[in-house]
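Residue-level structural notes
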Amino acid sequence: MYKVGITGGIGSGKSSVCALLAAYGVAVYDSDARAKTLMNENEALRRVLCEAFGDECYNAEGLNRAYLASQVFGSEEALARLNAIVHPAVRADFRAWAELQRGEYVVLESAILFEAGFETEVDTTLAVLAPKEERIRRAMQRDGAEREAIERRMEHQMGDEELHAKAEKCLVNLRMDYLESDVEQLHKMLLYEARR
């Protein structure tokens, strides 16, 4: 099974690219959504998180995200500890998921593909890029967030220059009508690579 890692910063259109590929029948693994599910449902993971950060990690509703965020916010060491717990669980989950898929290739969607080391799980990587102002505009419109909040989130993500340097492929997402034809070409190219 050929595996494709797709990444991109906030407002780049990474999820739009993955949704368009899914419309072609491509199976897409959303690592962010799966990480949240695993943190709620995987008993071993829950136990380790509680050992590391305290029983307050969970409440009656499940994962207490506000509490966990407060424990790692501003602490590189605590964030690294959290990632060292969660990332291996996501990696194992992706491998098991990929084994069950049918089709010529699958996609691993991750905002932190390179930061998490997930690029080692895939055969090729693609970064979705867009001009900074366009990304801010999209994210503000989508999330109803203030510009400052979006810019703060962008500061904690890899910039387009670094993503461009690290990824094997890049797709520049300027307009949705262009994106559809770009993804059609991307799909054909990935099918060709998967069949080689």
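Above this text you will find the structure in question.
Analysis parameters
- Residues numbered from 1 in each chain as written.
- Predicted model: local features only at pLDDT ≥ 70, side-chain atom pairs only at ≥ 80, totals over all residues.
- Heavy atoms only, no water.
- Phe/Tyr/Trp six-rings, centres within 6.5 Å; stacked < 30°, edge-to-face > 60°.
- Helix = DSSP H or I, 4+ residues; strand = E, 2+ residues; numbered from the N terminus.
- Lys NZ or Arg CZ within 6 Å of the ring centre and 35° of its normal.
- Pairing = 2+ DSSP bridges.
- Axes fitted to C-alpha atoms, helices over the stretch in contact; angles between N-to-C directions.
- Contact = heavy atoms within 4.5 Å.
- Parallel < 35°, antiparallel > 145°, perpendicular 65-115°, else oblique.
- Nonpolar A, V, L, I, M, F, W, Y, C, P; charged D, E, K, R; others polar.

Taken as a whole and judged by the stated rule, the model has three aromatic pairs. Ring geometry for Tyr-29 against Phe-94: centres 5.3 Å apart, planes inclined by 70 degrees, an arrangement best described as edge-to-face. Taken together, the residues Tyr-29 in strand E2 (residues 27-30) and Phe-94 in helix H5 (residues 76-100) connect sequence positions 65 residues apart. In this structure an aromatic cluster arises from ring pairing among Tyr-29, Phe-94 and Trp-97. Here the guanidinium or amino end of Arg-46 rests over the ring plane of Tyr-58, the centre of that ring lying 4.1 Å away. Lying across the ring of Tyr-178, Arg-175 places its NZ or CZ 4.3 Å from the centre.

Before going further, it helps to spend a moment on the sheet that holds strand E7 (residues 169-172). Ordered by their spatial adjacency, five strands build an open sheet running E2-E5-E1-E6-E7, and the pairing between neighbours is parallel. Edge positions in the open sheet fall to E2 and E7, since each of these has one partner strand only. Shown here is a sheet whose adjacent strand axes are inclined to one another by a mean of 25 degrees, direction ignored. Two strands pair when backbone bridges link them, and strand E1 (residues 2-7) and strand E6 (residues 124-129) are joined in this way by four bridges, in the parallel orientation. Each residue of the ladder has a partner; that of Ile-6, found in E6, is Leu-126. Relative to the sheet, helix H2 (residues 31-41) contacts E2 and strand E5 (105-109), its axis offset from that of E2 by approximately 55 degrees. Strands in contact with H5 are E1, E2 and E5; relative to E2, the strand with the most contacts, it is inclined by about 165 degrees.

On to the packing of H2 against H5. Two elements in contact, H2 and H5, have axes whose closest approach is 10 Å; the angle formed by their N-to-C orientations is 105 degrees. Classed by the angle they form, the pair H2 and H5 counts as roughly perpendicular. Between H2, through Ser-31, Arg-34, Ala-35, Leu-38 and Met-39, and H5, the contact on the second element is made entirely by Leu-82, Val-86, Ala-89, Val-90 and Asp-93. When its residues are assigned to classes, the contact of H2 with H5 shows seven nonpolar, one polar and two charged.

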